[in-house]
Amino acid sequence: MTLLVIFINSIKEKAFHVFGTSKRSINMYREVEESQTLLINTQSKILAGQNKKVIKLGFGQSPFLPPKAVLETLKKAVHHKEYSSVQGDLELRELMAKFHKRHNGLEVEPDNILVAPGSKILIYNVLLAFEKADVFIPAPAWVSYGPQAKLAGHHIIKVPTSFEERWRVSAKTLNKAAESKQHKASILIFNYPGNPDGLTYEEQELIELAKATKSLDMLVIADEIYGLLDHNFSHLSFANYYPERTITTTGLSKWCGAGGWRFGAAFLYKNIEPALKKALIGIGSETYSCAPTPVQMAAKTAYKDYEETKAYLDYQIRILKQIGNFCADRLGASGIRVHSPQGGFYLFPDFSQHKERLNNRGIKTSAQLCQLLLKETGVALLPASAFGFEDEYLAARLAYVDFQEPGEEQDFDLNTDCPNIIEGIEKICKYIGR
Ligand code: GLU
């Protein structure tokens, strides 16, 4: 009998080695797709490499160069090859705290700032710091929140919003969503100016929402990465309305045009539970160790001189506002519903009024629409399905970033500086609009 068991086990073992690969691929690994944002970037680059003209309105990457002084600091800092502390350079954190206090009255102690290689990993690490939580994610919301919450093993609760309500989360929808809670801990991931909608919140809306998050005892991750690109330069931080439990995330990727530098920060709240702060620093130390030191040096320059940074931002905002409004007006004139942008560099046009015509052409989902649009016109957009909508909802995100910046000294001229965007919008209108 014993010999028989040994024999069977040895056959099993052999079988495992022979068929190991296919056996392993069945269910040993997590199912994780490449993020839709990075995928569209790669696809657009591949097509461009095949000499196909691609109008890149899919990936949300700033076309602006960081300010000259920031570039110079980075060049001079290459020899800083040492690690920093996990939380980041203290002088930098002091500068960031001062900058945001002056900019929008955000109060944060330098000791409550965490600097990391991008705010994306910080959002993920906040989620990881919880054993089990309900994670409330509005629809639409940025593509990575859902996959991150899933990776962290949490229960996702969608918070629906609508075009008519300008994609805003309200106290009412949040309370309704909270009826499907399963766990003690609740986290809301909340982003404005919005990716994908380019819209922001009025103060009264923030006050109402803060009351709801407080009564639901939620931890809020306020992703304010586009805050400094508010088109009126008047971004209101959620932490000012819900200081008890808001973690604000920001970074250099969008306003400073330095996405590839990977620099992000999280501002923790004053009375953060010591166990949560410890977990965040612990997870950082066990994963990324620290943000790249030379980039931290460059960030010091970016956050040092408020007036200089403001001038750089005024210049960007002037251009982004003009382009965003042009795109929204032109799409609107062609019968495509879209809100005029208030911050950042996205629009979220809704094509559902053209559904019947698109359906008749065999286009049933937003993904099909984007695939065909790319194939037939060369215009890259990101489908609404990537932002938490059902496949059949015909909308897409348009990142109006395919232009060259004119340079701070030169006047910006929409007609001469944005040929790709103008061409792309015309193509969308012709393909979808009336
Ligand atoms: N925020 C960018 C976008 O939504 C992409 C950055 C990233 O996915 O890391 O297109």
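Treat the numbers as computed from the prediction; the structure is a model and nothing was measured.

(A) The arrangement of the overall build of the protein in detail. Assigned secondary structure in the protein consists of 15 helices and 12 strands. A compact globule built from 434 residues would reach a C-alpha radius of gyration of about 22 Å, and the protein, at 23 Å, matches this within 12%. Expressed along its principal axes, the backbone C-alpha trace of the protein runs to roughly 85 × 60 × 50 Å. Residue burial in the protein is summarised as follows: out of 434 residues, 54% are buried. Counted over contacts in the protein with a minimum sequence separation of 6, partners at least 24 positions apart contribute 75%. When the accessible area of the protein is evaluated, it comes to approximately 20400 Å², of which 54% is carbon and sulfur surface. Between the mean site of the 51 positive side-chain charges and the mean site of the 49 negative ones, the protein shows a separation of 6 Å.

(B) Here's a closer look at the pairing of strand S7 (residues 246-251). By the criterion of burial, S7 is predominantly enclosed, with six of the six residues buried. Alternating positions in S7 separate into two faces, Thr246, Thr248 and Thr250 on one and Ile247, Thr249 and Gly251 on the other, with burial throughout. Where strand S6 (residues 219-223) and S7 come together, four bridges link them in parallel fashion. Note that in S7 the partner of valine 220 across the bridge is threonine 246. Alignment of S7 against strand S8 (residues 264-267), held across four bridges, turns out to be antiparallel. Looking across to S8, one finds that threonine 249 is bridged to alanine 266.

(C) Summary view of the packing of helix H3 (residues 68-76) against helix H10 (residues 293-304). Running from N to C, H3 and H10 cross one another at 150°; their axes reach a closest spacing of 8 Å. Classified by the angle their axes make, H3 and H10 are roughly antiparallel. Crossing of H3 over H10 shows right-handed handedness. Where H3 approaches H10, its residues Ala69, Val70, Thr73 and Leu74 are matched on the opposing element by Pro294, Val295, Met297, Ala298, Thr301 and Ala302.

(D) Expanded view of helix H11 (residues 306-333). A rise of 1.5 Å per residue sets the reference length of H11, with its 28 residues, at 40 Å; its end C-alpha atoms lie 39 Å apart and thus fit the reference within 8%. Where H11 begins, one side-chain oxygen reaches toward the backbone nitrogen of glutamate 307, 3.2 Å away; that side chain belongs to aspartate 305. Backbone geometry just downstream of H11 places glycine 335 in the positive-phi region, at approximately 85°.

(E) The arrangement of the sheet that holds strand S12 (residues 396-399) in detail. Within the open sheet, the three strands sit side by side as S9-S12-S11. Their pairing is antiparallel. One side of each edge strand has no neighbouring strand; the edge strands of this open sheet are strand S9 (346-347) and strand S11 (382-383). The pairing of S9 with S12 spans two bridges and is antiparallel. Residue pairing in the sheet places leucine 347 in a bridge with leucine 398 of S12.

(F) Representation of the pattern of salt bridges within the structure. The tally for this structure, following the rule as stated, stands at 19 salt bridges. Notably, a salt bridge pairs glutamate 164 with arginine 337, separated by 3.1 Å at the nearest N-O pair. Within this pair, whereas glutamate 164 is found in the loop between strand S4 (155-160) and helix H7 (171-177), its partner arginine 337 is found in the loop between H11 and S9, the two being separated by 173 residues in sequence. In this structure, the salt-bridge partner of aspartate 217 is arginine 245, at a minimum N-O distance of 3.3 Å. With a gap of 28 residues between them, aspartate 217 in the loop between helix H8 (203-215) and S6 and arginine 245 in the loop between S6 and S7 connect regions that are remote in the sequence. Beyond isolated ion pairs, a larger network of salt bridges with shared partners links Lys53, Glu423 and Lys427.

(G) Broad picture of the sheet that holds S8. Strand order in this open sheet of seven strands is S2-S8-S7-S6-S5-S3-S4, and the pairing throughout is mixed. The two strands at the open ends of the sheet, each matched to only one other strand, are strand S2 (113-116) and S4. This sheet shows a mean twist of 20° between the axes of neighbouring strands, independent of strand direction.

(H) Region of the structure containing the site of the ligand. The ligand sits among Thr37, Phe59, Gly60, Lys120, Trp142, Asn195, Tyr226, Lys254, Tyr346 and Arg397. Here threonine 37 contributes a side-chain N or O atom positioned 2.7 Å from an oxygen atom of the ligand. Taking tryptophan 142, its side chain carries an N or O atom lying 2.9 Å from an oxygen atom of the ligand. Taking 300 Å² as the accessible area of the ligand by itself, protein coverage stands at 90%. Of the residues in the shell around the ligand, the class split is four nonpolar, three polar and three charged.

(I) Representation of the environment of glutamate 376. Tracing the backbone through its elements, the reader meets glutamate 376 in helix H13 (residues 366-377). Through-space distance from the C-alpha of glutamate 376 to that of leucine 65 is 31 Å; in sequence the pair is 311 residues apart. Engagement of the side chain of glutamate 376 in a polar contact is seen with the side chain of tyrosine 431, the distance being 3.1 Å.

(J) Main features of the pairing of S6. Most of S6 sits inside the fold, with five of its five residues counted as buried. By the alternation rule, side chains of S6 split into Leu219, Ile221 and Asp223 and Val220 and Ala222, which are all buried. Taken together, strand S5 (residues 186-191), H8 and S6 form a β-α-β motif whose crossover is right-handed.

(K) Geometry of the packing of H11 against helix H15 (residues 419-432). Relative to each other, H11 and H15 sit at 20°, their axes nearing to 10 Å. In terms of their interaxial angle, H11 and H15 are classed as roughly parallel. Handedness of the H11/H15 crossing: right-handed. Where H11 abuts H15, its residues Ile323, Phe326, Cys327, Arg330 and Leu331 lie against Ile421, Ile422, Ile425, Glu426, Ile428 and Cys429. Classifying every residue of the contact of H11 with H15 by side-chain character gives nine nonpolar, no polar and two charged.

(L) Spotlight on the nonpolar core. Counting residues in each nonpolar core, the largest one holds 74 residues, and the members touching the most others are Leu252, Trp255, Tyr303, Ile323, Phe351, Leu381 and Ile428. Counting residues in hydrophobic clusters, the runner-up holds 46 residues, among them Val54, Trp142, Ile221 and Leu280.

(M) Molecular detail of the confidence of the model for the protein. Confidence along the protein averages 93 in pLDDT terms, with 94% of residues attaining 70 or more. Confidence drops under a pLDDT of 50 for residues 1-20, and excluding neighbours within four residues, the segment shows three contacts in the predicted structure.

About the criteria used
Residues numbered from 1 in each chain as written. Predicted model: local features only at pLDDT ≥ 70, side-chain atom pairs only at ≥ 80, totals over all residues. Heavy atoms only, no water. Helix = DSSP H or I, 4+ residues; strand = E, 2+ residues; numbered from the N terminus. Rg over C-alpha atoms; globule rule 2.2 N^0.38 Å. Buried < 20%, exposed > 50% of the residue type's maximum accessible area, 1.4 Å probe, protein only. Contact = heavy atoms within 4.5 Å. Areas by Shrake-Rupley, 256 points an atom, 1.4 Å probe, with all protein chains shown as cover. Lys, Arg positive; Asp, Glu negative; His and termini not counted. Charge placed at Lys NZ, Arg CZ, Asp CG, Glu CD. Pairing = 2+ DSSP bridges. Axes fitted to C-alpha atoms, helices over the stretch in contact; angles between N-to-C directions. Parallel < 35°, antiparallel > 145°, perpendicular 65-115°, else oblique. Left-handed = near helix turned anticlockwise from the far one by under 90°. Expected span 1.5 Å × (residues − 1). Polar contact = N/O pair within 3.5 Å; in protein donor to acceptor, adjacent residues only side chain to side chain. Salt bridge = Lys/Arg side-chain N within 4 Å of Asp/Glu carboxyl O. Near = heavy atom within 4 Å. Nonpolar A, V, L, I, M, F, W, Y, C, P; charged D, E, K, R; others polar. Right-handed = clockwise from strand over helix to strand, strands pointing away. Core = buried A, V, L, I, M, F, W, Y, C linked by side-chain atoms within 4.5 Å. pLDDT = per-residue confidence, 0-100.

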